[in-house]
Amino acid sequence: MENKQLVKYNFKTKPFKHQMDALDASHDKKYFALFMEMGTGKSKVLIDNIVHLYDRGEINFALIIAPKGVYRNWVEREIPQHFPDDVPYRVIRWVSNPNKEQEREIKTIKDAFEGITIFVMNVEIFSTVKGRNVGNWLAKRFGSRGIVAVDESTTIKNTKSNRTKALVQLSKDFEYSRILTGSPVTNSPMDVYSQTEFLKKGVLGYSNFYAFQARYANLQTRNMGSTSFRQVVGFKNLDELNKKLDNFSFRVLKKDCLDLPNKVYMPRYVSLTKRQLELYEQIRKEALVLFEDGRLVSAPQMVTQMLRLQQILSGYLTTDDGYQENFETRRIDALLDICYETSGKIIIWSRFRYDIMKIAQVLSDNCGENKVAKYFGDTKDDERSEIIDRFQNPNSDLRFFIGNPSTAGRGLTLTEGHTVVYYANDFNLDTRIQSEDRCHRIGQNKSVTYIDLISEGTIDEKIVHSLVNKIDLSAKVLGEEAKEWLQIKPKKNAL
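Residues numbered from 1 in each chain as written. Predicted model: local features only at pLDDT ≥ 70, side-chain atom pairs only at ≥ 80, totals over all residues. Heavy atoms only, no water.

Things to note about the overall build of the chain
- The helix and strand inventory of the chain stands at 18 helices and 19 strands.
- On C-alpha atoms alone, the chain measures out to a radius of gyration of 24 Å, which is about the 23 Å that the 2.2 N^0.38 rule sets for 495 residues.
- By principal-axis analysis of the C-alpha atoms, the chain measures approximately 65 × 60 × 50 Å.
- Here the chain holds 495 residues, and 53% of them are scored as buried.
- In the form shown here, the chain has an accessible surface area of approximately 23200 Å², with 47% of it arising from carbon and sulfur atoms.
- Averaging the locations of the 73 positively and 64 negatively charged side chains of the chain gives two centres separated by 4 Å. (Helix = DSSP H or I, 4+ residues; strand = E, 2+ residues; numbered from the N terminus. Rg over C-alpha atoms; globule rule 2.2 N^0.38 Å. Buried < 20%, exposed > 50% of the residue type's maximum accessible area, 1.4 Å probe, protein only. Areas by Shrake-Rupley, 256 points an atom, 1.4 Å probe, with all protein chains shown as cover. Lys, Arg positive; Asp, Glu negative; His and termini not counted. Charge placed at Lys NZ, Arg CZ, Asp CG, Glu CD.)

Laid out in structure tokens, this is it:
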């Protein structure tokens, strides 16, 4: 009877077994955690859960909250791909500084609608008063017949942050709540407390974080000058904590999903800083930048211009006299988020030496130097074999392989990696295919997830669009079925 109830409607896309199991476990629960690793399709499970609750007459509103790099995927990819065509729905995306058209769309939330309304917001906005006010209004207006979900819920693991406090408070007004993440614990078991508090206040049996911490963490008093503080030095009773989490969660690891497709592609969107936008527009329109110290960056040829535009996205420019100007980029933060969300070994590709050095330094600082290896032109021959051996050893501590696809994209076997990040692409299709196949080859028995970092309306989209066109053309010439890849439609002025 339970399964009949779950499949009352026709799925737009057929669920894999692990997705059906997750839906079966969560479909009627007031609160639930989908601990599903990246690439296993947790977004579809939530969408099917929303449709199921709507069909039962339980809800007519869904608030989906996700990081900036992810929430656009919900609007443009996940919902259109998986939401059944015979169920009336509308999707409204929150934009902090909307243009007139976007503002009109947001205001339609006040209009009556016979169907289900899905409102998508970025989690970062809840750090602001404006975002909290909007969220609270939605909760009061629609929460009694609504579901609220936080995708990549480790973004609310900090119990002291304004965003976490706001979302824990907001969720109280919703009839249903969900959290989605591949790795609920990124730094310590203490990470799960605020995530579960969002689901339901006191669900783990503790009225505050300090009582929870005292039960599951070993604390020691440390002195620093005239002040003292309690520091976590270890953990305890974790079997008990796991059993509590099992009561309202479902865990999926990619390595356990035998029915996943061989390759899963997804973009991760990265916004530009104000400085990047300024430099990008100067190079795009004028083909040169003059820094305050008088140093000049020129890009008179199209190839040079495209190279400079990519460098800006990576957070640097090389002046005509060889000086390197560095500035902030959110690309490295997006990469860190992916690394925290994903278990297992990760391959990171970039065409730029600067990226490889910077990524290695940041990952070493955050995860440990022994977990990082660089494989590019500067890597000595005797080190290269050692790096491959360590990466291919499942018991080795080497987790991150950072390489240049022109150097490391051919001939190597990296089948211990199941997640591949393209930090900076190039237009060479052969390089792309070869680098993809370092882990997707004989010896690989798991699905591989490929993630491209994309800044909207920039050279990133042009490169991906060019590669897709080349793949389609190749398939037509050779009479092969076109390779399924990223479906990104660049803006007309993207460059």
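Digging into the sheet that holds strand S5 (residues 146-151)
- Judged by pairing direction, the sheet is parallel, and its seven strands sit side by side in the order S3-S4-S2-S5-S6-S1-S9 without closing on themselves. Strand pairing shows two members of the sheet lacking a second neighbour, strand S3 (89-93) and strand S9 (249-252), which therefore form its edges. Within the sheet, the average angular offset between the axes of one strand and its neighbour, ignoring direction, is 15°.
- Inspection of the sheet shows strand S1 (residues 31-36) paired to S9 by four bridges, in the parallel sense. Counterpart to Phe 35 in the pairing with S9 is Arg 251. (Pairing = 2+ DSSP bridges. Axes fitted to C-alpha atoms, helices over the stretch in contact; angles between N-to-C directions.)

Here's the deal with the side chain of Asp 151
- With respect to the element layout, Asp 151 can be found in strand S5.
- The side chain of Asp 151 is buried and forms no salt bridge, while Lys 42, the nearest opposite charge, is found at 4.5 Å.
- A polar atom in the side chain of Asp 151 sits 3.0 Å from the side chain of Trp 74.
- Dropping the residues within four chain positions of it, Asp 151 is found in contact with Lys 42, Ile 65, Ala 66, Pro 67, Val 70, Trp 74 and Leu 180. (Salt bridge = Lys/Arg side-chain N within 4 Å of Asp/Glu carboxyl O. Polar contact = N/O pair within 3.5 Å; in protein donor to acceptor, adjacent residues only side chain to side chain. Contact = heavy atoms within 4.5 Å.)

So, a negative patch on the surface
- Together, Asp 381, Asp 382, Glu 383, Glu 386 and Asp 389 give the surface a local cluster of negative charge.
- Among the secondary structure elements, Glu 386 is positioned in helix H15 (residues 381-392). (Patch = residues over 30% accessible without salt bridge, like charges linked within 9 Å, V, L, I, M, F, W, Y side chains within 5 Å.)

Some thoughts on the packing of helix H7 (residues 162-171) against helix H8 (residues 192-199)
- Running from N to C, H7 and H8 point in directions that differ by 30°, and their axes come no closer than 7 Å. Overall, the two elements H7 and H8 adopt an arrangement that is roughly parallel. Counting all contacts with H7, which are made through Thr 164, Leu 167, Val 168 and Ser 171, the residues of H8 involved are Ser 194, Glu 197 and Phe 198.
- Looking at the contact of H7 with H8, its residues break down into three nonpolar, three polar and one charged. (Parallel < 35°, antiparallel > 145°, perpendicular 65-115°, else oblique. Nonpolar A, V, L, I, M, F, W, Y, C, P; charged D, E, K, R; others polar.)

What to know about the environment of Gln 392
- Positionally, Gln 392 belongs in helix H15.
- Here the alpha-carbon distance between Gln 392 and Val 233, two residues 159 residues apart in the chain, equals 32 Å.
- Excluding its chain neighbours within four sequence positions, the residues that come into contact with Gln 392 are Thr 413, Leu 414, Thr 415 and Glu 416.
- Within polar-contact distance, the side chain of Gln 392 engages the backbone nitrogen of Thr 415 at 2.9 Å.

Remarks on helix H11 (residues 274-286)
- Taking 1.5 Å of rise per residue, the 13 residues of H11 would be expected to cover 18 Å, and the 18 Å separating its terminal C-alpha atoms lies within 8% of that figure.
- Positioned one or two residues after H11, Ala 287 has a phi angle of 65°, which is positive. (Expected span 1.5 Å × (residues − 1).)

Some thoughts on the packing of helix H13 (residues 331-341) against helix H14 (residues 353-367)
- At a closest axis distance of 11 Å, the pairing of H13 and H14 adopts a crossing angle of 45°. The angle between the axes of H13 and H14 places the two elements in the oblique class. In terms of crossing hand, the pair formed by H13 and H14 is right-handed. Two secondary-structure elements touch here, H13 through Ile 332, Leu 335, Leu 336, Cys 339 and Tyr 340 and H14 through Ile 359, Val 362, Leu 363 and Asn 366.
- Grouping the amino acids of the contact of H13 with H14 by side-chain chemistry returns eight nonpolar, one polar and no charged. (Left-handed = near helix turned anticlockwise from the far one by under 90°.)

Section: the packing of aromatic side chains
- One pass over the structure, following the stated rule, counts 18 aromatic pairs.
- A ring pair is formed by Tyr 193 and Phe 212, whose centres lie 5.1 Å apart and whose planes are at 35°; its orientation type is tilted. Here Tyr 193 is found in helix H8, whereas its partner Phe 212 is found in helix H9 (residues 209-216), with 19 residues between them in sequence.
- For Phe 212, a relative accessible area of 0% translates into the label buried.
- On the numbers, 6.2 Å between centres and 70° between planes, the contact of Tyr 206 with Phe 212 is edge-to-face.
- For Tyr 206, a relative accessible area of 16% translates into the label buried.
- Linked through ring pairs, Tyr 193, Tyr 206, Phe 209, Tyr 210, Phe 212 and Tyr 216 together constitute an aromatic cluster.
- Looking at Lys 345, its charged tip hangs above the ring of Phe 391, at a distance of 5.4 Å from the centre.
- Just above the ring of Tyr 422 sits the side chain of Arg 432; from NZ or CZ to the centre is 3.7 Å. (Phe/Tyr/Trp six-rings, centres within 6.5 Å; stacked < 30°, edge-to-face > 60°. Lys NZ or Arg CZ within 6 Å of the ring centre and 35° of its normal.)

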